[in-house]
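So the chains spell out like this:
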Amino acid sequence: MAENPLPLSHSSATSKSREPLFRARGVTRVYHTGEVEVRALNGVDLDLFEGELVVLLGASGSGKSTLLNILGGLDSLTDGTLTFRGKDLTSATERELTLYRRNTVGFIFQFYNLIPSLTSRENVALITDIAPDPMDPEEALDLLELGERMDHFPSQLSGGQQQRVAIARAIAKRPDVLLCDEPTGALDVKTGVMVLDAIDRVNRELGTLVVIITHNAVIADMADRVIFLSDGKITHIQENPVRRPVGELSW
Amino acid sequence: MRPLDLKLFRDLAAMKGQMAAVAMVMACGLMVMIMERGLVVSLETSRDAYYQSNRLADLFCDLKRAPNSLRVRLSHIPGVAVAETRVKGSAVLDIPGMKQTAEGTLLSLPEDHPQHLNLLYLRVGRLPVAGNRGEVVVSDAFAEAHGFMPGDTIDATIYGARERLHIVGITLSPEYVYALPPGSIMPDNRRYGVFWMNERELAVALGLEGAFNNVVVDVAPGGDPTAVKADLDRILTPYGGLTTYDRTEQLSVKMVNDEIKGLRTMAVAFPLIFLSIAAFMTSAALSRLVHLQREQIAQLKAFGYSSRTIGWHYCKFALVVVIFAFLVGGALGMWFGSRMLMVYHPFFRFPVLDFYPDWPAFLLAVLASAATSFLGVLGAVRHAVTLPPAEAMRPEPPAAFRASLLERIGLQKLASTSFRMALRNLERKPWQALFTTLGLAMATAIPIVSVSMGDGMDYMMDFQWRLAQRQDVTLALIEPGSFSVINDMRGLPGVLNVEPFRAVAARLYSGHHKRRVAITGLPQNVLLSRVLDVHGKPVALPLSGLLLSKQLAKMLFVQPGDALRVEVLEGRRPVLHTTVSGTITDFAGVGAWMDIDRLHHLMRESRTVSGAHLTVDSAREDEFFAAVKDSPRIGSITTTRAARENYDKMMGRMMDISRAIFFFFSVVVAFGVIYNGARIALSERARDLATLRVIGFTQREVATVLIGELTLLTLLALLPGLYIGSELTSLILTSINTETMRIPVVLTGRAYATAVLIVLLSSALSFTVVSRHIVKLDLLGVLKARE
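Criteria and cut-off values
Residues numbered from 1 in each chain as written. Chains lettered and ligands numbered in written order. Predicted model: local features only at pLDDT ≥ 70, side-chain atom pairs only at ≥ 80, totals over all residues. Heavy atoms only, no water. Helix = DSSP H or I, 4+ residues; strand = E, 2+ residues; numbered from the N terminus. Expected span 1.5 Å × (residues − 1). Buried < 20%, exposed > 50% of the residue type's maximum accessible area, 1.4 Å probe, protein only. Polar contact = N/O pair within 3.5 Å; in protein donor to acceptor, adjacent residues only side chain to side chain. Domains from an automatic or database assignment. Contact = heavy atoms within 4.5 Å. Buried area = accessible area lost by both parts, 1.4 Å probe. Salt bridge = Lys/Arg side-chain N within 4 Å of Asp/Glu carboxyl O. Nonpolar A, V, L, I, M, F, W, Y, C, P; charged D, E, K, R; others polar. Pairing = 2+ DSSP bridges. Axes fitted to C-alpha atoms, helices over the stretch in contact; angles between N-to-C directions. Parallel < 35°, antiparallel > 145°, perpendicular 65-115°, else oblique. Left-handed = near helix turned anticlockwise from the far one by under 90°. Phe/Tyr/Trp six-rings, centres within 6.5 Å; stacked < 30°, edge-to-face > 60°. Core = buried A, V, L, I, M, F, W, Y, C linked by side-chain atoms within 4.5 Å.

Within an α-helix, residues lying three or four positions from one another point in the same direction, as the helix has 3.6 residues per turn. Residue and element names in this part refer to chain A. In a regular helix each residue adds 1.5 Å, so 18 residues correspond to 26 Å; helix H7 (residues 189-206) covers 25 Å between its end C-alpha atoms and thus fits that length. Most of H7 sits inside the fold, with 13 of its 18 residues counted as buried. The N-terminus of H7 is capped by Asp-188, whose side-chain oxygen sits 3.2 Å from the backbone nitrogen of Lys-190. At the C-terminal side of H7, Gly-207 shows a positive phi close to 70°.

In C-alpha cells:
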C-alpha cells in the first residue's frame, strides 16, 4: 500500500545513476500488410531501470503495444537495437526468446488469459513448474489475497479475481520485469483499482520493473515515469516526483 | 458469385487440410461401397446373362451307367423341358515340360445335334467334327495357363488307355465358371482342365458304349423342380444314380454365389464404419467452425439474413465435402473395382466380366453421408442462430470446468498439470471424446480384420497340409478296386508309405435335413491323411457311428450321440441307421469318416479301395511320376506340394491387394481422425496455447499439452479397438464362410501389434503435421483479442 515504507527510492535521479535494464536505441518496427507499410515504431530511444513503475500512454495505433511486445520478446525489430541487462535481444533466436520470456518476463493481459481448465493454483503452477527460482504457487496467490480461491476454476471467479490470479501467475517466477497490457481494460473502476494496487505492491515489495500500457491517463499518476507515445515516437517523458497512491485513483 | 458462397470457398480454403481428412475417410467408405457393390452387380450381371444365354441346366445327376434308350423316358418326365444325357470321365494328362501330371475332366458333346444345355462359349477354333478321332475343345483357363492353341496336342491316359488329344478349340462353359479340381479347394489352372469331345469316341474310351453316366435337365417353365428331381432319382437309382442336385448345389455355381455373398457382406460392413466415422468428423469440424463464426452469424442475422439461409450456408460446407468424397471415392472405387475383376480372372471365367458400378446403392450412400453430416451441422447452427445477435456478438464467458473424475476420487497426485488439462477437457466434451475414441478404435480394428484373415488362411493351410494331409501324393483309382492295387503302389519307385482309403457317395438324413457327402473309410492309426479335432489332435475312428465335419453336423442340426440315417449311393446301396460319434475339424468342404473295415462290412464288399495316400522319397520323385503316368488304373494324381504352391500363387496376389487396401484405410482413418481432432483442439485452445507460448512455454511443451489429450484418446482407443477388431473379424468371417471354405478366426499377437503400430504411427504423423500449426500460433493476437 502507499503508506508502506519504500524499500528503494524510485526517484529518477537514483535510477539514472545505475545501468538500465532495457536500453532501446532507434527501435523501429515496420509492418507490411499487403502493399501498405505501417511504421508502428519509428526510432524509439528509451532506458528502463530496475524497480521503476513506468506507464506508456498513447492513443490506439500510437505504438505502445508494439513497444511492449518488443520488450517482452514477442516481436522483432525492423531496425535499431535493444538490450536487456546488456544482452542483445535484437539477434536472439526463437528459443532464446522463449527462455527469456520464461525466466525474466511476467505478462498481464487485458483479458487475463487464464487456462480455463486449470484452477487458480494450477494456473500459477504452470509457471512455477518451469521457472528456475519460483515462489510456491500458494505464496504468490496469498500475496494477491487469493488464498481462499486457490482451487477455483476461472469460470468460478470474478473478472478482478481472474486478473489477480493472472498477476500471481506473472510474479510467481520472480520476474525482472512485469509487462501489463491494459490490465484494467476489461474491469470496472473499483476492481480496476484493486488490480492496480496489486501491481503497485509487487513493484514496491519485490522491486520488479513494471511497464503498464494504457490509454487511461489517470493511471499515469501512479507511475515514476510516464512515457507518451504518438505515431510510433516518444513525444515526451514525464517524471512524477511523487507517485500517487493507487487508492486515490478514480476514473 | 453470391457473397455467402464466396465466404464458403474462402473458409473452406482456410480449413482445407481438415476438410480433406474428412473427405478422405468418407471417400474410403464410398470407395469400398462402389467397389464391392460394383463387383456384386458385375458378377451377378455376368452370371445371370451367361447362365441364361448359354442355357445352364437346372438339374444335374451322375450315375454309373444307363442305356441310351432311357433318354426318351427322361425327356417325358412331366415338367422336363430338355433332358440331355452325357458321358463324363477323367483323364490323367501328360503335359510336355511338366514333371507331374495334370488332371482333366472329359465331357461328351452330342454328335447328331447341337448342344441343348450348358452351351459352350467358343473363344477360338471350332467344335470337334463328328467322326474325327481325338478332337477336343479345352477350357480356356487351362489353355491360357499352358499357352495351348488349336492345333496343339496333349497325351492323355483315359481309362487306362493312352490317347492323343488334338485341340481344335478353346472354350468357356457356364458349368465351369469356377473350375475346381476334384478334391481341391482352389482352382489350379495349370493342373486341371476340362475337355469336351465327341460322345461316341468318349463313350468307347470310357467303356460306356451305347450308354451315358451324366444327365442335365432343363425344367420347363411352370414345372416343379422338386417333382422332377424325385422322378429322376426314381428312374436313375437302378442305374447307379447319385442324388440329383439343382443349380445351387452345382460346384461352380455355388462358388460364384459364395463369392457374391462374401462381397455383399463387405459392401455393407465397411462402408457403414467409414461413413459413420466421416459423419462424426464432419459434424465435429463444422460445429467448431460455426462456433468460431458465431459473431459472423450474429452479424449476418443483424443484416437480415434468415436463419434458414444461414443454416443452408453451413450445410454447403458438408455438401462440398460430400461431393469431393463422392468424386474421389467414386473414381478410386471404379479403378479398384476393375483391378479386382482382373484378380478374379484366374478364378472366375466369364465370357465378359465388365465392371458395372451400382449407382443406386452409391447414390444412397452419398445421400446418407450428406444427411448425417447435415444433421451434425444443423445442430450447431441452430444453437448459433437462436442466440439474439447482440448476445452472440459478445465474447463467450470462460468455459466451465471442474475437477475430473480421477481427481474427484482422489488421484490428483498422479497427474501432471498437462495431464489434468487433458482429462478435464475430455470430461467437458464427453461426446466428442467418445466419438474420437470410437473412430480411432475403428482404425485399430480395420488392420486386425485384414491381418487375421491372412493368418486364418495360413492357419487353415497349415492345419490342412502340415497336420491333416501329410501325404505327398494322393492317387485315386479310376474305379474302386481290390486291395492288391495297394501292393502294386508300394512297388512304385520311391514310395515310402501307402495308406489306402475307401470313399463312397452317400446321403445322410437327420429328420427333414439331408445332405449328400462322401463317406471316407480309413484304417485305424493312419499317419498321412488324418481326421483331427480342433486342437489338431487325431480323432480315433469309431467302431460304430460316423465322424462328421463340424460344419456338416451344423447343417444337419445334429450333435454327437444323435441318430443318423445313411443311404449309400453305390454298390448294393445299403441303408444304415447309425449315430454321430463325434465331430472333427476341417476347413474346406464337408465329409463323413468311419473305420475302413466297418465300411467294407457295411458295403458287403471285400477289401475294396478307392485310392491311396502316399509319401514318396523326394530324390526319386521323377521316377515315381514317370511310372504313375503309365499306370492304367489311376484316375487322378494330386500332389500336396503342387496344391500348396498353387494356393500361394492364387491367394498371394489377392491377399496382397486386400492387405494394401486395408492398410491404406487404416492409415487414412487413424490419420484423419487424429488430425481432425487435433485441429479442432488447436482451434478451441489456440488462445490457451498461445498464452502458454507467451509466458514462456517452448513450442515442444505447448505441443505436449495439445497432443497429450489426443495421445490419451489414442491409448484409450487401442484396447476397445483390439476388441472390436476381434469381434469384427469373427463377424465377417462367419458371414463370408461357406461350406466350401471356412476361414477360422485366428487372432495373433502379430495382428494386434500391426494394428497398434499402424495407429500409433498414423497418430504420430498427424501430430507432426499439426505441430507445424503451433509454430504459427498468433502470439500477439492473444494479448488483445478474445475468442
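Residues and elements named next belong to chain B. Split by domain assignment, chain B resolves into domain 1 (52-251), domain 2 (429-468 + 641-787) and domain 3 (495-616). Between the C-alpha centres of domain 1 and domain 2 there is a distance of 51 Å. Every contact between the two is made by 9 residues of domain 1 and, on the other side, 9 residues of domain 2. Approximately 790 Å² of surface area, both sides summed, lies buried where domain 1 meets domain 2, with 66% of it carried by carbon and sulfur atoms. Linking domain 1 with domain 2 are 0 salt bridges. In this structure, the connection of domain 1 to domain 2 is made through 1 residue pair in polar contact (both at pLDDT 80 or more). Class assignment of the residues belonging to the side of domain 1 that touches domain 2 gives a composition of 4 nonpolar, 2 polar and 3 charged.

Residues and elements named next belong to chain B. The terminal C-alpha atoms of helix H22 (residues 749-775), which comprises 27 residues, lie 39 Å apart, in line with the 39 Å expected from a rise of 1.5 Å per residue. Taken together, the buried positions of H22 are Ala-751, Ala-755, Ile-758, Val-759, Ser-762, Ser-763, Ser-766, Phe-767, Val-770, His-773 and Ile-774. The secondary structure elements touched by the buried residues of H22 are helix H14 (430-468), helix H19 (640-684) and helix H21 (699-736).

A separate point is the pairing of strand S13 (residues 495-510) of chain B. The side chains of a regular strand alternate between the sheet's two faces. All names here are of chain B. Where burial is concerned, most of S13 is hidden: 13 out of the 16 residues are buried. Inspection of the sheet shows S13 paired to strand S14 (residues 513-522) by 9 bridges, in the antiparallel sense. Across the sheet, Ala-503 pairs through a bridge with Thr-520, a residue of S14. Counting the residues in the hairpin turn of S13 and S14 gives 2 residues, including Gly-511, whose phi is positive at 60°. The pairing of S13 with strand S16 (residues 563-568) spans 4 bridges and is classified as antiparallel. In the strand pairing of S16, Arg-507 is matched with Glu-567.

Residues and elements named next belong to chain B. Closest axis-to-axis distance for the helix H2 (residues 16-53)/helix H7 (residues 251-292) pair is 8 Å, and the angle between their directions is 160°. As far as their axial angle goes, H7 and H2 are roughly antiparallel. As H2 runs across H7, the sense of the crossing is left-handed. For the contact of H2 with H7, the residue count by class is 28 nonpolar, 4 polar and 6 charged.

This part covers the pattern of salt bridges. Evaluation of the coordinates by the stated rule reveals 53 salt bridges over all chains. Among the salt bridges present, the one from Arg-742 of chain B reaches Asp-586 of chain B, with a minimum N-O distance of 3.0 Å. Taken together, the positions of Arg-742 of chain B in the loop between H21 and H22 and Asp-586 of chain B in the loop between strand S17 (575-584) and strand S18 (592-595) put the pair 156 residues apart, joining distant regions of the chain. Of the residues examined, Asp-586 of chain B reaches a relative accessible area of 16% and is grouped as buried. As a salt-bridge pair, Glu-623 of chain B and Arg-620 of chain B come within 3.3 Å of each other at their nearest N and O atoms. For Glu-623 of chain B, a relative accessible area of 43% gives the class partly exposed. Since its relative accessible area comes to 35%, Arg-620 of chain B is described here as partly exposed. One network of salt bridges, in which partners are shared, links Asp-200, Arg-204, Asp-224 and Arg-243 of chain A.

With the rule as written, the count across this model stands at 29 aromatic pairs over all chains. Considering the side-chain rings of Phe-22 of chain A and Phe-84 of chain A, the 5.0 Å spacing of their centres and the 55° angle between planes classify their relative orientation as tilted. One end of the pair, Phe-22 of chain A, is in strand S1 (residues 22-33); the other, Phe-84 of chain A, is in strand S4 (residues 79-84), with 62 residues separating them in the sequence. You can call Phe-22 of chain A buried: its relative accessible area is 1%. On the basis of relative accessible area, Phe-84 of chain A is assigned to the buried category, the value being 5%. Aromatic pair Tyr-459 of chain B and Phe-463 of chain B: ring centres 6.0 Å apart, planes at 35°, arrangement tilted. Within this pair, Tyr-459 of chain B and its partner Phe-463 of chain B are both found in helix H14, separated by 4 residues, close to a single helical turn.

You'll often see interface size given as the accessible area lost when the parts meet. The partner chain A presents 34 residues to the 31 residues of chain B that form the contact. Both faces combined, the contact of chain B with chain A buries some 2900 Å², and carbon together with sulfur accounts for 59% of it. For Arg-424 of chain B, the salt bridge goes to Glu-122 of chain A, with nearest N and O atoms at 2.4 Å. One can count 12 residue pairs in polar contact (both at pLDDT 80 or more) joining chain B with chain A. Where the side of chain B that touches chain A is concerned, the elements lending two or more residues are helix H13 (417-428), helix H20 (686-694), H21 and helix H23 (779-784) of chain B. Top contributing element to the side of chain B that touches chain A by residue count: H20 of chain B, with 6 residues. Looking at the side of chain B that touches chain A residue by residue, the classes come out as 15 nonpolar, 6 polar and 10 charged.

Next up on the list: the nonpolar core. By size, the foremost hydrophobic cluster in this structure holds 191 residues, and its most contacted members are Phe-22 and Leu-48 of chain A together with Phe-270, Phe-274, Tyr-314 and Leu-692 of chain B. Setting aside residues no more than four positions away along its own chain, Leu-692 of chain B makes contact with Ile-115 and Leu-126 of chain A together with Phe-697, Val-702 and Val-705 of chain B. One finds Leu-187, Val-193, Met-222 and Ala-223 of chain A within the second-largest nonpolar core, a separate group that totals 40 residues.

Residue and element names in this part refer to chain A. Spatially, the 6 strands line up as an open sheet ordered S6-S7-S8-S3-S9-S10, and their pairing is mixed. Only two strands of the sheet have a single partner each, and these edge strands are strand S6 (105-108) and strand S10 (233-239). Between one strand axis and the next, the sheet turns through 20° on average, direction left out of account. Together, S6 and strand S7 (177-181) form the strand contacts of helix H6 (residues 159-171), whose direction differs from that of S6 by roughly 170°. Across the sheet, H7 touches strand S3 (53-57), S6, S7 and strand S8 (209-214), and the angle it forms with S8 is around 155°.

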